[in-house]
Amino acid sequence: MPPRFHIELDRTDPDVPLRASQSHVHHTWARTFHSRPELYVRPQSLQEIQKVVKLARRMRRRVVTVGCAHSPSDLTCTSAWMMNLDNYKQVLKVDQDRKTMTVQAGIRLHDLNLRAKDHGLTMPNLGSIDDQSLAGAIATATHGSSMSHGLLSDRVQSLRIVLANSQAVRCSPQQSPDLFRAALVSLGALGILAEIEFQMIEANNVEWVQTIRPIEDVLADWNNGLWTSNEFVRVWWLPYMKRAVVWRADKTDKAPVKPQYNWYGGNVGFHTYHILLWLSQYVPRFLPWVEWFVFGMQYGFNDGALISAVGEQRTELLMNCLYSQFVNEWSIPLEKGPEALTRLTNWLHGDEQSSGIPFSTKGLYVHSPIEVRIANTVNREPRPFLDTSYPNTPALYLNATLYRPYGQDPPCRERYYQAFEHLMKEYNGRPHWAKNFQSVDYPYLSSIYGTNLDEYNRVRSEVDPEGMFLGAWHRRTILPPKTDLPLLPLEEKEVLQRHRRTGGVDWIGEQARWFDGGVDVFDKPGSESGESFDYMAQAEAENSVLLEGLRDELELDESRVSTTTEDLQYDDDSFVQAKKREGAEEGWDGTQVFKSILLSLSIAIPLSLALLILLRTLRTPTPLNDAEASLQALEIERGLVELMKRKN
Ligand SMILES: Cc1cc2nc3c(=O)[nH]c(=O)nc-3n(C[C@H](O)[C@H](O)[C@H](O)COP(=O)(O)OP(=O)(O)OC[C@H]3O[C@@H](n4cnc5c(N)ncnc54)[C@H](O)[C@@H]3O)c2cc1C
């Protein structure tokens, strides 16, 4: 670290540790983006979080808080400072009467539900997975699929946030409501969510049923109970087969029943599908056949095929998301769903004219079904300023997933996403904040969110006037152009995005360039440091209308800590999650596994060989490990600094 760092560190409270490392290579779960923060900090107390913010302000650094990096975009990439709250995850309070739990914000959803189970409680709704941190899920408007539920944020009762001036403040619908509305979907740009009071419900079982149906039937039921007959409903749209898998679930008093055994459902299906997807990278026209085969094996080849089970809500709402993937999800008004899906299906079948989507379909085949889900927040108050759902109609979420078999980007991505986003924009769609949208900018978002985006930005700049929590992702999307809002002193600029040989992208930001001879932002002419900023930030906080009366105690009241959580083993590097896949049998013995592998190989090997012969001239790149990758990133940065020096 630059010498100045140690001077600043010595000026902070020595009793509050700084748990930091300098060798962390950050990547998203899907390995779509990588970056190397100058400092990676994992605090264990509120005071530690506050110390990092204070130090960052004095060192003129941006701070990014990362959950488990399940957002597949460059939203969490930084070359500056990164904070992770995986060790800040205690349950602080359980209010049995109100059925609320107050937790430290780094807690993962899985962990929260496990702790809740001890108290007979559970989260009211979940998305496809429960690996996310509660703060991260809230920050990006994560949702499940239910006409009876909205975003996960809807269940937040109150929050405690560490702001750029390192003060911890509380907000709720009654206390500083504007700050609360901005913080409900904050995109990490407001401050560091430290504590969350979350509304739970009584723990329960759900019974789910899954059927496969022709898409005409699904469309015919659209306004006739498809979304309203059950508490939870989600649909996978299989465009090539013109069929859809409909999954429904309701609360039940029934005892758990496992899904029917399906030999294909576990490892066999997982690896077969992966290999087939990889092969279709080279022969994309395979994909309609792959869809027919894989989903037929998994869910049945005949219409109406049924799978069902009963189990705990906290596990049964989940699904296995399989492999590394790009995801591009948008919400549109529910009533536009049939038209939008029909147009997209027509386009994927090459019928450009009736689809009305002005992009060529020549040679284009896509990797996976479209996920169709719903959230209903009609008349719900208070609403996040950056709410992706609608106040006057249920929101339909269409998710165009594209798998990245063995880390390779699918060839159809560019054109498919151009066409998909064109369609979504025709319905004034709202992109899911966490995902891989590619043609979204401030003018579009401003036209969609109107004064709500202005309000969010007003609150944001009031609590973080120097842009300590802002990066290039925010500038590209939610911030006005530099002509209207010049770059803020701590806002991190992007220097470079570069494709890695092993797949994915390296993201390099401007800050923290001292280590390779670059100019440190700290040393730039005109940049100040030290206490003057502390005084300034303090004064801003005191003058702020938003923060009036919100001065918060800085000490954690230990008596409120009722339970501590034990460390759970998470393997962020693993794409094969320990989730139950529908129809999968648990606890296989060695013989079963062996038989399955044999079966899988007997399908996959002849196919692979045939194609490998065809493709023998094509070579796959040698994978790099993280250390090599990090060296590679360093080399690029050195090159860049040289370039910049020469320019200057
Ligand atoms: C396999 C998979 C399945 C998914 N399924 C769904 C789904 O069903 N429904 C859905 O809506 N989304 C889904 N997502 C998206 C996912 O819910 C979001 O990307 C979510 O934000 C991930 O949480 P995280 O903890 O990984 O946050 P990260 O991705 O690490 O961070 C997301 C944002 O939260 C901010 N943040 C994190 N912690 C804090 C904090 N303490 N204070 C302030 N800001 C913070 C970050 O700065 C960043 O802006 C899925 C993603 C994957 C990879």
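Everything here concerns the structure above.
Residues numbered from 1 in each chain as written. Predicted model: local features only at pLDDT ≥ 70, side-chain atom pairs only at ≥ 80, totals over all residues.

1. Quick word on the pairing of strand S7 (residues 91-95)
If a strand is regular, its side chains alternate between the two faces of the sheet.
Alright, step 1. The pairing of S7 with strand S8 (residues 100-104) spans 4 bridges and is classified as antiparallel. Within S8, the residue paired with Lys-93 across the bridge is Thr-102.
Alright, step 2. The turn linking S7 back onto S8 is made up of 4 residues, and Lys-99 within it adopts a positive phi angle of 55°. (Pairing = 2+ DSSP bridges. Helix = DSSP H or I, 4+ residues; strand = E, 2+ residues; numbered from the N terminus.)

2. A look at the environment of Ser-153
Alright, step 1. Inspection of the secondary structure puts Ser-153 in the loop between helix H4 (134-139) and strand S10 (156-162).
Alright, step 2. It is 9.4 Å that separates the C-alpha atoms of Ser-153 and Leu-134, two residues lying 19 residues apart in sequence.
Alright, step 3. Aside from chain neighbours lying at most four places away, what touches Ser-153 is Ile-138, Ala-141, Leu-184, Val-185 and Pro-384. (Contact = placed C-beta atoms within 7 Å.)

3. Comments concerning the nonpolar core
Alright, step 1. Residues Leu-134, Ile-161 and Ala-183 are the most contacted members of the largest nonpolar core, which totals 151 residues.
Alright, step 2. In contact with Ala-183, not counting residues within four places along its chain, are Leu-159, Ile-161, Cys-171, Leu-190 and Leu-193.
Alright, step 3. Residues Phe-33, Cys-77, Val-495 and Trp-507 belong to the second largest nonpolar core, which totals 5 residues. (Core = buried A, V, L, I, M, F, W, Y, C linked by C-beta atoms within 7 Å. Buried ≥ 20, exposed ≤ 12 C-beta atoms within 10 Å, placed from the backbone.)

4. Quick notes on the site of the ligand
Alright, step 1. Gly-67, Ser-71, Gly-127, Gly-136 and Gly-188 are the nearest of the 33 residues found near the ligand.
Alright, step 2. When contributions to the shell around the ligand are tallied by element, the ones reaching two or more residues are strand S5 (63-66), H4 and strand S12 (192-199).
Alright, step 3. Broken down by class, the residue content of the shell around the ligand amounts to 17 nonpolar, 16 polar and no charged. (Near = placed C-beta within 6 Å. Nonpolar A, V, L, I, M, F, W, Y, C, P; charged D, E, K, R; others polar.)

5. With respect to the sheet that holds S10
Through backbone hydrogen bonds, the strands of a sheet pair up, either in parallel or in antiparallel fashion.
Alright, step 1. Read from one edge of the open sheet, 5 strands run S7-S8-S12-S10-S11, paired in antiparallel fashion. Because the sheet does not close on itself, it has two edges, and the strands there are S7 and strand S11 (168-171). Neighbour to neighbour, the strand axes of the sheet diverge by 15° on average, direction disregarded.
Alright, step 2. Sheet strands in contact with helix H5 (residues 177-184) are S10, S11 and S12, and its direction is about 90° off that of S10. (Axes fitted to C-alpha atoms, helices over the stretch in contact; angles between N-to-C directions.)

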